[in-house]
Amino acid sequence: MYLAGWAASAGALATLVLIIRLLRFGERRTTPPGGARSPAPDTALDFGLLRSVSLIGDLAFARDVRDRLRHNGVRATLATGHDGMVRVLVFADEYDHARLLLAP
């Protein structure tokens, strides 16, 4: 009897571990194979009320762009992503005005 209690406990523990592993691997399968990314860089990132108006590889240049927007009355900030790219962010209601200011 003593051994049966230990065996039942080990079986229950193994069952729980199996269920947890299945749930964890099931979540991973919901992503596209090969870690495919979405084509637009802003769709995977959520900045709340802010929208990305420009994606720049150089932090100093991104600061210059942000300062140019601020000088023209657009509230702007910077966000650096995991990819090393710097995004210039503005509020949604100022997005069109910021795009016009940054147009060549």
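Analysis parameters
Residues numbered from 1 in each chain as written. Predicted model: local features only at pLDDT ≥ 70, side-chain atom pairs only at ≥ 80, totals over all residues. Heavy atoms only, no water. Phe/Tyr/Trp six-rings, centres within 6.5 Å; stacked < 30°, edge-to-face > 60°. Lys NZ or Arg CZ within 6 Å of the ring centre and 35° of its normal. Helix = DSSP H or I, 4+ residues; strand = E, 2+ residues; numbered from the N terminus. Buried < 20%, exposed > 50% of the residue type's maximum accessible area, 1.4 Å probe, protein only. Pairing = 2+ DSSP bridges. Core = buried A, V, L, I, M, F, W, Y, C linked by side-chain atoms within 4.5 Å. Contact = heavy atoms within 4.5 Å. Arc of directions from axis to C-beta.

1. Structural notes on the packing of aromatic side chains
Okay, so step 1: According to the stated counting rule, one finds zero aromatic pairs in the structure shown.
Okay, so step 2: One Lys or Arg, R51, reaches over the ring of Y95 and ends 3.8 Å from the middle of that ring.
Okay, so step 3: The ring of F91 has R75 sitting right over it, with the charged end atom 4.2 Å from the ring centre.

2. Considering the environment of F61
Okay, so step 1: Mapping F61 onto the fold places it in helix 2 (residues 59-71).
Okay, so step 2: Residue classification places F61 among the partly exposed positions, given a relative accessible area of 46%.
Okay, so step 3: The spacing of F61 and V86 is 25 residues in sequence and 9.4 Å in space, taken between C-alpha atoms.

3. Overview of the pairing of strand 3 (residues 86-91)
Okay, so step 1: In terms of residue burial, strand 3 counts as a mostly covered element, since five of its six residues are buried.
Okay, so step 2: Relative to strand 3, strand 2 (residues 76-80) is paired through five bridges, and the arrangement is antiparallel. What sits directly across from T77, in strand 3, is L89.

4. Regarding the nonpolar core
Okay, so step 1: Counting residues in each nonpolar core, the largest one holds 13 residues, and the members touching the most others are V53, L69, V74, V88, V90 and A98.
Okay, so step 2: Only strand 1 (50-56), helix 2, strand 3 and helix 3 (95-102) provide two or more residues apiece to this core.
Okay, so step 3: With residues near it in sequence (within four places) discarded, V90 still touches L49, L50, R51, V53, L69, V74, R75, A76, Y95 and A98.

5. Focus: helix 3
In an α-helix, one full turn covers 3.6 residues, which means residues spaced three or four apart are oriented alike.
Okay, so step 1: Restricting attention to buried positions, one finds in helix 3 the residues Y95, A98 and L101. For helix 3, the arc enclosing every buried residue in end-on projection is 125 degrees, short of the 170-degree limit, so these residues lie on one face. Of the residues in helix 3, the exposed ones pointing more than 90 degrees away from the buried face are D96 and L100.
Okay, so step 2: Of the surrounding elements, those touching the buried residues of helix 3 are strand 1, helix 2 and strand 3.

6. Structural notes on the environment of F47
Okay, so step 1: With respect to the secondary-structure elements, F47 resides in the loop between helix 1 (2-28) and strand 1.
Okay, so step 2: Taking the C-alpha atoms as reference points, F47 and F91, separated by 44 residues in sequence, lie 9.8 Å from one another.
Okay, so step 3: Ignoring anything within four residues of it in the chain, the contact list for F47 reads A79, R87 and L89.

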